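Structural overview for review
Spelled out, the chains give:
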Amino acid sequence: MTFKAPDSLSEQIAHYLAERIIRGELKERERIQELKVTQAMNVSRGSVREALLILERRHLINILPRRGAQVSELTPQHVRSLYTLVMELYILLGYAVAEHWRSEEDLAPFRALQQRLAEARQREDIHAFVEASFGIMQAAYPFADNPYLQQTLDNLQPAIARTYYIALERRRSQMGQFGAVFDDLLMAVIDREPSRIREVLTGYGKQNCELVLAALAER
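Computed from a predicted structure; not experimentally measured.

On a plain count of helices and strands, the protein chain comes out with nine helices and three strands. Mapped from its N terminus to its C terminus, the protein chain presents α and β elements in the order α-β-α-α-β-β-α-α-α-α-α-α. Taking 17 Å as the expected radius of gyration for a compact globule of 219 residues, we find that the protein chain reaches 18 Å, a close match to that expectation. By its C-alpha atoms, the protein chain is 55 × 40 × 30 Å across when sized along the principal axes. Counting the 219 residues in the protein chain, one finds 47% classified as buried. Of the accessible surface of the protein chain, which amounts to about 11700 Å², a share of 50% is contributed by carbon and sulfur atoms.

Dropping the structure here:
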């Protein structure tokens, strides 16, 4: 594999490796050897090192002294901690959209994503469903206008995506329930009801966290 955009090469390598981790192709505690990645992708070792630092920042790998990089372990404690934090950040985004939307044009991206989620559910397409789910987060960023919130969520996105795949690969039927959650959330945002936004997202976080924990227990 050869990449052609030198100014974003490390990000491309990181994205490629992240997708393999998120989908479970690279297993927990599996070593990622710089030299093998360099040869397989036909890229420089320096670019690979930078990509690994990006992956560490995004909580997908650990870089250990004298042992190199390995895929991070996903434990129940990690899952609970991740969902506790991420749901609060999602709630902040929900509040921001509810406060600042002004016209149907502002809501159009969310309605389009609502349709994409429904289509992905019908096809049982996990990749498309997860992608559309994070599209909601991306569409909400301009309403929050908070670079710190955006950067934090962007760095957590791969870790949360990894949990989505673990859960949905085992229980695809849950996509329908998750889609219904977004329908409820969008109505709460349109009605500008902060308490309802918190209720919907807190319930969603608890349900999804329990689903992921159950999937981990089955492995």
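Let us now look at the packing of aromatic side chains. Taken as a whole and judged by the stated rule, the model has three aromatic pairs. Measuring from ring centre to ring centre gives 6.0 Å for phenylalanine 110 and phenylalanine 143, while their planes differ by 40°; the resulting arrangement is tilted. Of the two residues, phenylalanine 110 is situated in helix 5 (residues 104–123) and phenylalanine 143 in helix 6 (residues 126–144); the sequence distance between them amounts to 33 residues. Take phenylalanine 110: its relative accessible area is 3%, and that puts it in the buried class.

What follows covers the side chain of glutamine 70. Among the structural elements, glutamine 70 can be located in strand 3 (residues 68–71). Under the relative-accessibility criterion, glutamine 70 is labelled buried at 13%. Beyond its immediate stretch of four places on either side in the chain, glutamine 70 contacts Arg29, Glu30, Arg31, Ile32, Ile61, Asn62 and Leu64.

Within soluble globular proteins, side chains that are nonpolar tend to cluster in buried spots. Core analysis: the largest hydrophobic core is formed by 62 residues, its most contacted members being Tyr90 and Phe110. Of all the secondary structure elements, the ones that give two or more residues to this core are helix 4 (76–100), helix 5, helix 6, helix 7 (147–170), helix 8 (174–190) and helix 9 (194–218). Residues Leu9, Leu26, Val37 and Val48 belong to the second largest nonpolar core, which totals 20 residues.

So, about the side chain of arginine 162. As for its placement among the helices and strands, arginine 162 is situated in helix 7. Despite being buried, arginine 162 has no salt bridge partner; glutamate 28 is the closest side chain of opposite charge, sitting 4.4 Å away. Here the side chain of arginine 162 touches serine 72 through a polar contact of 2.7 Å, landing on its backbone oxygen.

The next point concerns the sheet that holds strand 1 (residues 31–32). If you walk across this open sheet you meet the three strands as 1-3-2, and the pairing is antiparallel. Single-partner strands in this sheet number two, and they are strand 1 and strand 2 (61–64). This element, helix 3 (residues 45–57), spans strand 1, strand 2 and strand 3 of the sheet and lies at about 120° to strand 2.

Take valine 43: it is sitting in the loop between helix 2 (34–41) and helix 3. What makes valine 43 buried here is its relative accessible area of 10%. With 162 residues separating them in the primary sequence, valine 43 and glycine 205 have C-alpha atoms 39 Å apart.

Right, let's get into the packing of helix 4 against helix 6. Running from amino to carboxyl end, helix 4 crosses helix 6 at an angle of 55°, the nearest separation of the two axes being 8 Å. If you check the angle between helix 4 and helix 6, you find them oblique. Handedness of the helix 4/helix 6 crossing: left-handed. The residues of helix 6 that touch helix 4, namely those facing Tyr90, Leu93, Ala96, Val97 and His100, are Phe134, Met137, Ala140, Tyr141, Phe143 and Ala144. A per-class count over the contact of helix 4 with helix 6 returns ten nonpolar, one polar and no charged.

This part takes up the environment of arginine 29. Inspection of the secondary structure puts arginine 29 in the loop between helix 1 (9–22) and strand 1. Residues arginine 29 and alanine 144 lie 115 residues apart in sequence; the distance between their C-alpha atoms is 36 Å. In contact with arginine 29, other than residues within four places in its own chain, are Gln70, Val71 and Glu73.

Conventions used here
Throughout, residues of each chain are indexed from 1 in the direction in which the sequence is written. A pLDDT threshold of at least 70 governs which residues receive local features in this predicted model, and a stricter bar of 80 or more applies before side-chain atom pairs are shown or counted, although totals over entire chains, interfaces and linings include all residues. Where side-chain values are given, they derive from all heavy atoms of the structure, hydrogens and water being excluded. Segments assigned H or I by DSSP are reported as helices when at least four residues long, segments assigned E as strands when at least two residues long, and all are numbered from the N terminus. Radius of gyration here uses only the C-alpha atoms, and the compact-globule reference equals 2.2 Å multiplied by the residue count raised to the power 0.38. Only protein chains enter the accessibility calculation, which uses a 1.4 Å probe. A residue is then buried if its area is under 20% of the maximum for its type, exposed if over 50%, and partly exposed in between. Residue-level accessible areas treat just the shown protein chains as cover; the underlying method is Shrake-Rupley with a 1.4 Å probe. When the centres of two rings from Phe, Tyr and Trp lie within 6.5 Å, Trp using its six-membered ring, the rings pair. Their planes under 30 degrees apart give stacked, over 60 give edge-to-face, and anything left gives tilted. The contact rule is simple, with two residues in contact once any of their heavy atoms fall within 4.5 Å. Nine residue types can take part in a nonpolar core, namely buried Ala, Val, Leu, Ile, Met, Phe, Trp, Tyr and Cys, and a core is a set of them joined through side-chain atoms within 4.5 Å. His residues and chain termini do not enter the charge count, which takes Lys and Arg as positive and Asp and Glu as negative. Between Lys or Arg on one side and Asp or Glu on the other, a salt bridge is scored when a side-chain nitrogen of the former is within 4 Å of a carboxyl oxygen of the latter. Polar contacts here mean pairs of N or O atoms no more than 3.5 Å apart (in protein, one a potential hydrogen donor and the other a potential acceptor; neighbouring residues in sequence count only if both atoms are side-chain atoms). Only strands that DSSP links by at least two bridges are regarded as paired with each other. Between the N-to-C directions of two axes lies an angle of 0 to 180 degrees, each axis being a line fitted to C-alpha atoms and, for a helix, fitted only over the stretch in contact. Throughout, the term roughly parallel applies to angles under 35 degrees, roughly antiparallel to angles over 145, roughly perpendicular to angles from 65 to 115, and oblique to all others. Should the near helix be turned anticlockwise from the far one by less than a right angle, the crossing is left-handed, and should it be turned clockwise, the crossing is right-handed. Amino acids are sorted into nonpolar (Ala, Val, Leu, Ile, Met, Phe, Trp, Tyr, Cys and Pro), charged (Asp, Glu, Lys and Arg) and polar (every other residue, Gly among them).

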